[in-house]
There are 2 protein chains.
Amino acid sequence: MSQNIGVIGLGAMGRGMAQSLRRAGYTVHVCDVRLEAAQAFAAEGGVAHAHPAALAQHCEVVVSVVVNAAQTEEVLFGPHGAAAAMAAGSVFVMCSTVDPNWSIALEQRLGSLGLQYLDAPISGGSAKAASGEMTMMTSGRPEAYAKVGQALDAMAAKVYQLGDAAGAGSKVKIINQLLAGVHIAAAAEAMALGLREGVAADALYEVITHSAGNSWMFENRMAHVLAGDYTPLSAVDIFVKDLGLVLDTARATKFPLPLSATAHQMFMQASTAGHGREDDSAVIKIFPGITLPASNK
Amino acid sequence: MSQNIGVIGLGAMGRGMAQSLRRAGYTVHVCDVRLEAAQAFAAEGGVAHAHPAALAQHCEVVVSVVVNAAQTEEVLFGPHGAAAAMAAGSVFVMCSTVDPNWSIALEQRLGSLGLQYLDAPISGGSAKAASGEMTMMTSGRPEAYAKVGQALDAMAAKVYQLGDAAGAGSKVKIINQLLAGVHIAAAAEAMALGLREGVAADALYEVITHSAGNSWMFENRMAHVLAGDYTPLSAVDIFVKDLGLVLDTARATKFPLPLSATAHQMFMQASTAGHGREDDSAVIKIFPGITLPASNK
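Because the structure is predicted, anything quoted here is derived from the model rather than measured.

Asker: Lay out the UniProt feature "domain: 3-hydroxyisobutyrate dehydrogenase-like NAD-binding" (unreviewed entry) in chain A with the relevant residues and their values.
Answerer: Taken from the UniProt record, the annotation "domain: 3-hydroxyisobutyrate dehydrogenase-like NAD-binding" (unreviewed entry) applies to residues 167–286 of chain A. End C-alpha atoms of residues 167–286 of chain A are separated by 35 Å, and the span's content is 69% helix alongside 0% strand.

Written as structure tokens, this is what we have:
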């Protein structure tokens with residue numbers, strides 16, 4: 001359990017994952033574009049580095065928890081990128097939500113450098129990341145899993161192993177995002193119709209959450225609407241991005257996704273109207289002619 | 001508990017509801033356009049009648065469990081209809097899924113005849129109807145609730161009382177149907193993308209049902225797709241009808257419902273392609289370029 005492990009990106013998810021690894025006994029090396037975030041983590045145990053290349057020299061396992069594919073490219077191949085500094089046989093664990101075809105290509109690109117790769121998007125939110133109870137949707141070569149060892153279980157309550165090559169992990173992740181995005185937009189549409197029709201919003205919430213029309217997202221996000229609280233736990237612009245990835249993936253094989261396309265338009269409408277950085281439940285603000293519950297703060 | 005109660009319509013739901021009332025000690029009067037259905041019920045206890053008017057002479061509470069508003073009109077005002085035969089002060093309990101504005105008008109029409117009315121759509125499926133564990137979404141005047149007494153609780157595990165006039169019950173019911181319909185279509189779209197991308201369907205089901213992308217309908221209906229079993233528990237054409245009611249209701253105040261409109265198109269596409277009487281999960285058959293799991297029967 002003296003293995004060195006690197007975590008790049010100390011946002012809401014990455015910081016919790018690094019904490020979980022430290023709690024499990026790993027020596028955790030960290031870096032972040034905000035140097036102070038890395039130093040704050042190291043002050044409680046672990047090693048802060050100035051950039052991915054410095055971190056990668058010490059770690060046979062590097063976990064990347066940045067926002068998207070572009071940031072992952074920067075982490076690996078930008079100035080002071082990790083790829084050139086990683087020892088042969090080391091493994092790069094990619095936890096972002098990305099186009100699956102990009103992830104498949106990345107496995108090949110790293111393979112040509114003698115590096116292992118794990119396609120490992122995550123789900124569950126910051127609280128579950130901090131408690132080591134999040135979910136990982138993973139796929140990759142058996143050698144990559146072998147190299148990572150118990151580290152995945154230290155970070156996640158549930159590690160789905162979905163195949164022996166990159167792609168399946170990211171595919172399942174974006175399909176989850178397809179459903180999550182459509183369900184948030186549908187919850188907003190349903191609640192908006194209820195308000196339009198003069199139904200008591202709290203009664204509607206009570207009935208739906210105990211009926212066949214319920215979804216995880218209706219139950220979670222419409223509580224924000226009832227409270228009039230659009231503090232972003234996950235923002236409208238995240239679904240502009242993620243439903244965009246879903247549509248890009250399907251477009252690559254000319255596959256139609258009518259509901260995803262419609263929901264994507266709704267999130268873009270909300271974003272352009274100025275709600276991009278609000279909670280994703282603010283997609284309900286695209287509906288005219290209704291009065292939303294006021295904040296009770 | 002010697003109260004006479006009438007149940008009109010002995011389909012999958014009505015038969016179970018009549019059984020629940022009989023089990024609770026009511027004398028249950030029944031009729032159905034299929035006379036043999038009423039006679040079969042009466043053979044185990046209760047009284048069969050040839051038509052609604054004959055039934056209505058014996059019952060101060062008449063529960064209507066027919067398919068739609070048109071059939072309800074026939075039950076009440078057609079040849080041998082119940083309305084003219086019901087005693088003043090009797091209550092008509094309307095359990096169909098209908099346009100809320102039609103239900104609001106019906107309360108007025110029956111009121112002008114001296115009859116009480118309860119707007120009382122139901123949810124939960126035939127098994128829960130038979131065991132008295134279904135859900136009722138009700139609204140109506142206090143006098144109507146008083147007249148019905150304990151009968152609602154005999155039929156349903158949960159009786160939501162949503163307002164003191166007709167309309168709220170039907171509004172909440174169609175909003176539930178909005179979500180149910182969009183969620184079935186979204187589940188089909190997500191599963192179709194997974195199949196298109198070569199993801200193992202059973203693994204996808206396992207991950208989604210334990211993730212934030214889950215819905216009651218994904219969990220229930222995609223099990224039918226995995227089993228290749230499109231035996232209709234609820235048919236594609238039910239959602240052609242119910243999402244149509246949702247859109248009609250919103251159109252009455254010019255209110256936009258982009259996801260409902262898209263899902264409605266998907267169900268109509270499935271119906272016109274010949275799948276209207278299959279299980280509603282057969283909406284997945286509109287997606288080209290994929291191979292669905294075969295039946296394992």
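Back to the write-up after that little detour.
Asker: Which residues make up the relation of the copies chain B and chain A, and what values do they have?
Answerer: Each of the two copies of the chain can be brought onto the other by a rotation about an axis and a shift along it. Each copy superposes on the other: chain B lies on chain A with an RMSD of 0.1 Å after a rotation of 180° and an axial shift of 0.0 Å. The transformation just described matches what one would write down for a two-fold rotation axis. Residues of chain B ranked by C-alpha distance from the rotation axis are headed by Ser-215 of chain B, positioned 1.9 Å from it. Residue by residue, 100% of the interface of chain B is reproduced at the interface of chain A, so both copies engage with the same surface.

Asker: With reference to specific residues and values, describe unusual backbone geometry.
Answerer: A positive phi angle is found at His-80 of chain A, which is not glycine, with a value near 60°. Among the structural elements, His-80 of chain A can be located in the loop between α4 (69–77) and β5 (91–94).

Asker: Give a description of the side chain of Asp-279 of chain A that names residues and reports values.
Answerer: Residues and elements named next belong to chain A. Among the structural elements, Asp-279 can be located in the segment after α13 (258–275). Within the buried set, Asp-279 has no salt-bridge partner at all; the shortest N-O distance to an opposite charge, 4.3 Å, is to Arg-221. From its side chain, Asp-279 meets the backbone nitrogen of Leu-233 in a polar contact 3.3 Å long. With residues up to four places along the chain from it excluded, the contact list for Asp-279 reads Arg-221, His-224, Tyr-230, Thr-231, Pro-232, Leu-233, Ser-234, Ala-235 and Val-236.

Asker: Help me get a handle on the packing of aromatic side chains, residues and values and all.
Answerer: Geometry of an aromatic ring pair is reported as the spacing of the ring centres plus the angle between the planes. Using the criterion set out here, one finds six aromatic pairs over all chains in the structure. Aromatic side chains Tyr-205 of chain A and Phe-218 of chain A sit 5.9 Å apart centroid to centroid with 20° between the ring planes, which places their arrangement in the stacked category. Of this pair, Tyr-205 of chain A sits in helix α10 (residues 201–208) while Phe-218 of chain A sits in helix α11 (residues 216–227); the two residues are 13 residues apart in sequence, bridging distant segments of the chain. Grouping residues by exposure puts Tyr-205 of chain A and Phe-218 of chain A together as buried. With centroids separated by 5.7 Å and ring planes inclined at 25°, the aromatic side chains of Phe-255 of chain A and Phe-287 of chain B adopt a geometry described as stacked. Note that Phe-255 of chain A is positioned in the loop between α12 (236–251) and α13 and Phe-287 of chain B in the segment after α13 (258–275), a pairing that runs across two chains. Look at Phe-255 of chain A and you get buried, because its relative accessible area is 6%. The class for Phe-287 of chain B is buried, based on a relative accessible area of 6%. Lying over the aromatic face of Tyr-230 of chain A, Lys-285 of chain A brings its terminal NZ or CZ to 4.1 Å of the ring centre.

Asker: Describe in detail α11 of chain A, supporting the description with residues and values.
Answerer: Residue and element names in this part refer to chain A. Here α11 contains 12 residues, and its C-alpha end-to-end distance of 18 Å stays within 8% of the 16 Å for a straight helix at 1.5 Å per residue. Where α11 is concerned, the buried positions are Met-217, Phe-218, Arg-221, Met-222, His-224 and Val-225. End-on, the buried residues of α11 take up no more than an arc of 140°, which puts them together on one face. Of the residues trailing α11, Gly-228 is marked for its positive phi of about 60°.

Cut-off values and rules
- For every chain, the first residue of the written sequence is number 1, and numbering continues from 1 onward in sequence order.
- Each chain takes a letter, starting from A, and each ligand takes a number, starting from 1, following the order in which they are written.
- Totals for whole chains, interfaces and linings use all residues, but because this is a predicted model, local features are given only for residues with pLDDT of at least 70 and pairs of side-chain atoms are given and counted only at 80 or more.
- Excluded from the side-chain calculations are hydrogens and water; all other atoms, namely the structure's heavy atoms, are used.
- UniProt positions are given in the numbering used here, feature names are shortened, and annotations may be inferred rather than shown by experiment.
- The way it works is that DSSP assigns letters per residue, a run of H or I at least four long becomes a helix, a run of E at least two long becomes a strand, and they are numbered from the N terminus.
- Least-squares fitting of one copy onto the other uses the C-alpha atoms of those residues that reach a pLDDT of at least 70 in both copies.
- Any pair of residues with heavy atoms lying within 4.5 Å of one another is described as a contacting pair.
- Between buried and exposed lies partly exposed: a residue is buried under 20% and exposed over 50% of the maximum accessible area for its type, with that area taken using a 1.4 Å probe on protein chains only.
- His is not counted, nor are the chain ends, whereas Lys and Arg count as positive and Asp and Glu as negative.
- The salt bridge definition used is simple: a Lys or Arg side-chain nitrogen within 4 Å of an Asp or Glu carboxyl oxygen.
- Under the rule applied, a polar contact is a pair of N or O atoms within 3.5 Å (in protein, one hydrogen donor and one hydrogen acceptor; residues adjacent in sequence only if both atoms are side-chain atoms).
- Stacked, tilted and edge-to-face are the three classes assigned to paired rings of Phe, Tyr and Trp, where Trp is represented by its six-membered ring and a pair needs centres within 6.5 Å; plane angles under 30 degrees give stacked, over 60 edge-to-face, the rest tilted.
- Two conditions define a charge sitting above a ring: the NZ of Lys or the CZ of Arg must be within 6 Å of the ring centre, and it must be within 35 degrees of the ring normal.
- Every helix has an expected span of 1.5 Å times one less than the residues it contains.
- Directions pointing from the helix axis toward each C-beta atom define the arc.

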